[in-house]
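One-letter residues, chain by chain:
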Amino acid sequence: MKISATQYDQMAKQASPKSKSYKNVPAAFFVGGFICMLGELLRQLYIQWGCGKPEASAWVSITFIAITALLTGLNVFDNIAKFAGAGTIVPITGFANSVAAPALEFKTEGMVLGLGAKMFIIAGPVIVYGTLASIVYGIVLWIIGLF
Amino acid sequence: MILDLLKAFLVGGAICIVGQLLIDYTKLTPARILVAFVVAGVVLGAVGLYEPLVQWAGAGATVPLTGFGYLLAQGVQEAVAKSGFFGAFTGGLSASAAGIAAAIFFGFLIALIFKSGDKN
């Protein structure tokens, strides 16, 4: 049978599962909020231990990255992420998982083109476009500074 | 202290809601959302809108990936002020080095220690 593109689009829409936003949104809010609250607790703790403010924030990131990598290795992270959705994707935990998960999965394809390359399959574009945006901003700042 | 935690919770949670709505109502994949959040953080940092949020909510603004973008913008700002044009190229990655290096280090370590589990 022949179908047009718009018909196909409608069929695809009917077939794809309905997003349960009434469940997903609160889950994302509470898990994401909880992660950030934990981050704030850690940040204040690190500042009390004598870290400067920027260093304390960086240590919070490093802590979350280490915990996420461990939970990814233990196969626990995926279960939390299934429930939390953006609650675990949007915080730094999502970035850490996007590195650790493919590193683990593609290890069998070799240390260089498997682990080494595939660990950046998602983090790569994030770093590329983030860095590009920052360079553009830097050039704009520099030009403004000339006048 | 309690108030700081509450602020971080509210702002961090709100940023995650934005991400969830993008997942539920657009065709953006999580990878694209991560890219969008980081670039949005750079832009918001550049126009000066993210700094007040960081001051107010602390980790609530720095832990989400928009905070990573803000860090890039802030790094470039400081580097350009210090070393001019050269800083446009060094600022972003220097400021975000800790996060990137930690992700590489712990990602590699975990890949060495654990075996890939079955996806169920």
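For the structure, see preceding data.
Below you will find a few notes about this structure. (Residues numbered from 1 in each chain as written. Chains lettered and ligands numbered in written order. Predicted model: local features only at pLDDT ≥ 70, side-chain atom pairs only at ≥ 80, totals over all residues. Heavy atoms only, no water.)

## Examining the environment of Val39(B)
Phase 1 of the analysis: Take Val39(B): it is sitting in helix α2 (residues 30-46).
Phase 2 of the analysis: Sequence spacing of Val39(B) and Ile113(B) is 74 residues, and the spatial spacing of their C-alpha atoms is 33 Å.
Phase 3 of the analysis: When near neighbours in sequence (up to four residues on either side) are disregarded, Val39(B) contacts Tyr129(A), Gly130(A) and Ala133(A). (Helix = DSSP H or I, 4+ residues; strand = E, 2+ residues; numbered from the N terminus. Contact = heavy atoms within 4.5 Å.)

## Things to note about the packing of helix α6 (residues 92-105) of chain A against helix α6 (residues 85-113) of chain B
Phase 1 of the analysis: Running from N to C, α6(A) and α6(B) cross one another at 35 degrees; their axes reach a closest spacing of 8 Å. Considering only the axes of α6(A) and α6(B), their crossing is right-handed. Only Gly99(B), Ala103(B), Gly107(B), Ile110(B) and Ala111(B) of α6(B) make contact with α6(A), whose side of the interface consists of Phe95(A), Val99(A), Ala100(A), Ala103(A) and Leu104(A). (Axes fitted to C-alpha atoms, helices over the stretch in contact; angles between N-to-C directions. Left-handed = near helix turned anticlockwise from the far one by under 90°.)

## A look at the side chain of Asp24(B)
Phase 1 of the analysis: Counting through the fold element by element, Asp24(B) comes out in helix α1 (residues 2-25).
Phase 2 of the analysis: Here Asn24(A) takes part through its side chain, which lies 3.3 Å from a polar atom of the side chain of Asp24(B). (Polar contact = N/O pair within 3.5 Å; in protein donor to acceptor, adjacent residues only side chain to side chain.)

## Digging into the packing of helix α5 (residues 65-83) of chain B against α6(B)
All names here are of chain B.
Phase 1 of the analysis: Taken N-terminus to C-terminus, the directions of α5 and α6 make an angle of 140 degrees; their axes are 7 Å apart at the nearest point. Looking at the two axes, α5 sits oblique to α6. Crossing geometry of α5 relative to α6 is assigned as right-handed. Residues Phe68, Leu71, Leu72, Gly75, Val76, Ala79, Val80 and Ser83 of α5 pack against Phe85, Phe86, Gly87, Ala88, Thr90, Gly91, Gly92, Leu93, Ala95, Ser96 and Ile100 of α6. (Parallel < 35°, antiparallel > 145°, perpendicular 65-115°, else oblique.)

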